[in-house]
Amino acid sequence: MQHKTAERLKRAVAINLVMAWRIMLMTLLGRECPELPASILFSDIEIDVLTAYAKKNGLPDPCISAMPSALSHASAGISDEPTIRRLATK
C-alpha cells in the first residue's frame, strides 16, 4: 500500500482488518457448519451482487450450495446460533 499520508494508511488498514475478520469468520463457519445459508454473513444486496457476478461469469449460483439438511433445518426453524456466537467471539 502506498499512501501519501499516515491518515490514509490508517483508513486502508482499518478496511483491510474488517475484510480479514470477515474472511476468517467465513472460513471458520464454513468448516464448522457448512450447511449455513449465505444470509448469515451477507446482506441481501451483497447476495444479489454475488449472484449477478456468478451469473455473468458462468459460475454456479453461490446461494444454491446449501445441503438438503440445511433446508430442512431452516424450514423447521432450527438455527445454529450458539455455534455462530462461539466462533464470532474467538
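For clarity, every value in this text was computed on a predicted model and none was experimentally measured. (Residues numbered from 1 in each chain as written. Predicted model: local features only at pLDDT ≥ 70, side-chain atom pairs only at ≥ 80, totals over all residues. Heavy atoms only, no water.)

## Things to note about a nonpolar patch on the surface
Put simply, the rule is: Within this analysis, patches are made of residues with over 30% relative accessible area and no salt bridge. Like charges are joined at 9 Å or less; nonpolar side chains (Val, Leu, Ile, Met, Phe, Trp, Tyr) at 5 Å or less. Each accessible area value is a Shrake-Rupley result obtained with a 1.4 Å probe; residue values ignore everything except the protein chains displayed when judging cover. Basic side-chain nitrogens of Lys or Arg form a salt bridge, by our definition, when they fall within 4 Å of a carboxyl oxygen of Asp or Glu. Helix and strand assignments come from DSSP, with helices taken as H or I runs of at least 4 residues and strands as E runs of at least 2, each series counted from the N terminus. Exposed residues in this analysis have more than 50% of their type's maximum accessible area, buried residues have under 20%, and partly exposed residues fall in between, with area computed by a 1.4 Å probe over protein chains only.
Together, Leu9, Val13 and Leu17 make up a nonpolar patch on the protein surface, roughly 250 Å² of accessible area in all. Mapped onto the elements, Leu9 comes out in helix α1 (residues 6-32). Among the residues examined, Leu9 registers a relative accessible area of 37% and is labelled partly exposed.

## Here we look at the pattern of salt bridges
Opposite charge on two side chains lets them pair, provided their charged atoms get close. With the rule as written, the count across this model stands at 2 salt bridges. Here Glu7 ties to Lys10 by a salt bridge, and the two come within 3.8 Å at their closest N and O atoms. With a gap of 3 residues between them, Glu7 and Lys10 both fall in helix α1, about one helical turn apart. For Lys10, a relative accessible area of 54% translates into the label exposed. With a shortest N-O distance of 3.1 Å, Arg22 and Glu46 are connected by a salt bridge. Linking Arg22 in helix α1 with Glu46 in helix α2 (residues 44-56), this pair joins segments that are 24 residues apart in sequence. Its relative accessible area of 27% is what places Glu46 among the partly exposed residues.

## Some words on the environment of Leu59
Going by this rule: Note on definitions: a residue-residue contact is assigned when non-hydrogen atoms from the two residues lie within 4.5 Å.
Take Leu59: it is sitting in the loop between α2 and α3 (68-76). Ignoring anything within four residues of it in the chain, the contact list for Leu59 reads Tyr53 and Ala54.

## A closer look at α2
We count it as follows: Given the number of residues in a helix, its expected span is that number minus one, multiplied by 1.5 Å.
Here α2 contains 13 residues, and its C-alpha end-to-end distance of 18 Å stays within 8% of the 18 Å for a straight helix at 1.5 Å per residue. Looking one or two residues past α2, Gly58 carries a phi angle of roughly 70°, positive in sign.

## Some points on α1
Residues spaced three or four apart along an α-helix point in a common direction, a consequence of the helix completing one turn every 3.6 residues. With 27 residues, α1 extends 39 Å between its outermost C-alpha atoms, agreeing within 8% with the 39 Å of an ideal straight helix rising 1.5 Å per residue. By the burial criterion, the buried members of α1 are Ala12, Leu25 and Leu29.

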